[in-house]
Amino acid sequence: MTATLELASDSAESTQALAAAVATRCVPGDVLLLSGDLGAGKTTFAQGFGRALGIDEPVTSPTFTLVRQYEVAAGPGGIRVLLHADVYRLEHLAEVADLGLGQLVEDAGVALVEWGEAAEPVLGAGALRVRLKADPDDDDRRTVAVSAEGTAWVGRWAELEVVLAPWTTSGRAGS
Ligand SMILES: Nc1ncnc2c1ncn2[C@@H]1O[C@H](COP(=O)(O)OP(=O)(O)O)[C@@H](O)[C@H]1O
Ligand SMILES: [Mg+2]
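Residues numbered from 1 in each chain as written. Chains lettered and ligands numbered in written order. Predicted model: local features only at pLDDT ≥ 70, side-chain atom pairs only at ≥ 80, totals over all residues.

**Student:** What exactly am I supposed to notice about the overall build of the protein here?
**Tutor:** A tally of helices and strands in the protein yields six helices and eight strands. For the protein, the N- to C-terminal ordering of α and β elements is β-α-β-α-β-β-α-α-β-α-β-β-α-β. With 175 residues in all, the protein has 37% of them scored as buried. Within the protein, contacts between residues separated by at least 24 positions form 72% of all contacts whose residues are at least 6 apart in sequence. (Helix = DSSP H or I, 4+ residues; strand = E, 2+ residues; numbered from the N terminus. Buried ≥ 20, exposed ≤ 12 C-beta atoms within 10 Å, placed from the backbone. Contact = placed C-beta atoms within 7 Å.)

**Student:** Help me understand helix α2 (residues 42-52), please; the structure alone is not making it clear to me.
**Tutor:** The periodicity of an α-helix, 3.6 residues per turn, causes residues three or four positions apart to be oriented the same way. In terms of burial, α2 is a largely internal element, eight of the eleven residues being buried. Looking only at α2, the buried set comprises K42, T44, F45, A46, Q47, G48, F49 and G50. Buried-residue contacts for α2 involve α1 (12-24), β2 (31-35), β3 (67-71), β4 (81-86), β5 (109-114) and β6 (128-135). One or two residues past the end of α2 sits G54, with phi positive at roughly 85 degrees.

**Student:** Looking at this model, I keep getting lost on the packing of α1 against α2. Mind explaining?
**Tutor:** When two helices pack together, their arrangement is given by the angle between their axes and by how far apart the axes lie. At a minimum axis distance of 7 Å, the contact between α1 and α2 shows a crossing angle of 50 degrees. Considered as vectors, α1 and α2 are oriented oblique to each other. Seen from above, α1 lies across α2 with right-handed handedness. Across the interface between the two elements, A12, T15, Q16, A17, A19, A20, V22, A23 and T24 from α1 touch T44, F45, Q47, G48, F49, R51 and A52 from α2. (Axes fitted to C-alpha atoms, helices over the stretch in contact; angles between N-to-C directions. Parallel < 35°, antiparallel > 145°, perpendicular 65-115°, else oblique. Left-handed = near helix turned anticlockwise from the far one by under 90°.)

**Student:** How should the nonpolar core be read in this particular structure?
**Tutor:** In globular proteins that are soluble, nonpolar side chains generally tend to be buried together. In this structure, V113 and V130 are the most contacted members of the largest nonpolar core, which totals 40 residues. Those elements giving two or more residues to this core turn out to be β1 (2-9), α1, β2, α2, β4, β5, β6 and β7 (138-149). With five residues, the top contributor of residues to this core is α1. (Core = buried A, V, L, I, M, F, W, Y, C linked by C-beta atoms within 7 Å.)

**Student:** Help me understand the pairing of β7, please; the structure alone is not making it clear to me.
**Tutor:** Put simply, side chains in a regular strand alternate between the two faces of the sheet. As defined by bridge partners, β1 adjoins β7 across eight bridges and the pair is classed as antiparallel. The residue of β7 that forms the bridge with T4 is S147. Bridge analysis of β6 against β7 gives eight bridges, and the strand direction is antiparallel. The partner of L132 across the bridge, within β7, is V144. Connecting the antiparallel pair β6 and β7 is a turn made up of two residues. (Pairing = 2+ DSSP bridges.)

**Student:** I would appreciate a short explanation of the site of ligand 1 in the present structure.
**Tutor:** Surrounding ligand 1, one finds 18 residues, the nearest of these being T15, G41, K42, T43 and T44. Elements represented by at least two residues in the shell around ligand 1 include exactly α1, α2 and β7. Looking at the shell around ligand 1 residue by residue, the classes come out as three nonpolar, ten polar and five charged. (Near = placed C-beta within 6 Å. Nonpolar A, V, L, I, M, F, W, Y, C, P; charged D, E, K, R; others polar.)

**Student:** Looking at this structure, I do not really get α1. What am I missing?
**Tutor:** Under the 1.5 Å per step criterion, the end-to-end length of α1 is 19 Å for 13 residues, consistent within 8% with the ideal 18 Å. Turning to α1, its buried residues number three or more, namely S14, T15, Q16, L18, A19, A21, V22 and A23. For α1, the elements touching its buried residues are β1, α2, β7 and α6 (157-163). (Expected span 1.5 Å × (residues − 1).)

Nothing here speaks to function; it is all geometry.
Shown next as structure tokens:
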């Protein structure tokens, strides 16, 4: 399956709220690939996502630490850990792979990976892709394309459509 939802956000708070909606549909083992230019809102998305998991400390950009790990007390679907990685340089990709992100995620974690395009060959199978794009005419607007390939989201896609309806501008289900 390939399915995509096209969303519109008109503020940082709106992007955090839609990220929180996505978080409610996540289960342990999920990987979300966040892509977009610098300033597109990847870390902003991660902040809304983390707050929805009940993480109190601010989720900040992991730029200088590569991967940050947050304990989750009572996350949806039994999620115990949030991993937040930033693959902003290609050589980090190998490091992230070495860290065994996949294994950590399998042990009741969810991973958010910024600059997801680069990470795709390593982490991509079954990941939820979130592509953020700025609007040249409005500093506060972003388009957010959420897509899934493979089987990981098949059983949850209809639920995701429902919770993201407030931001949806169009949706399509592919093959
Ligand atoms: N609709 C929006 N969605 C996300 N961020 C927005 C939006 N409008 C304005 N912003 C601002 O854009 C900046 C995004 O920065 P950040 O999330 O760190 O981007 P990235 O991690 O992609 O480099 C923040 O200062 C945020 O407040
Ligand atoms: Mg960032």
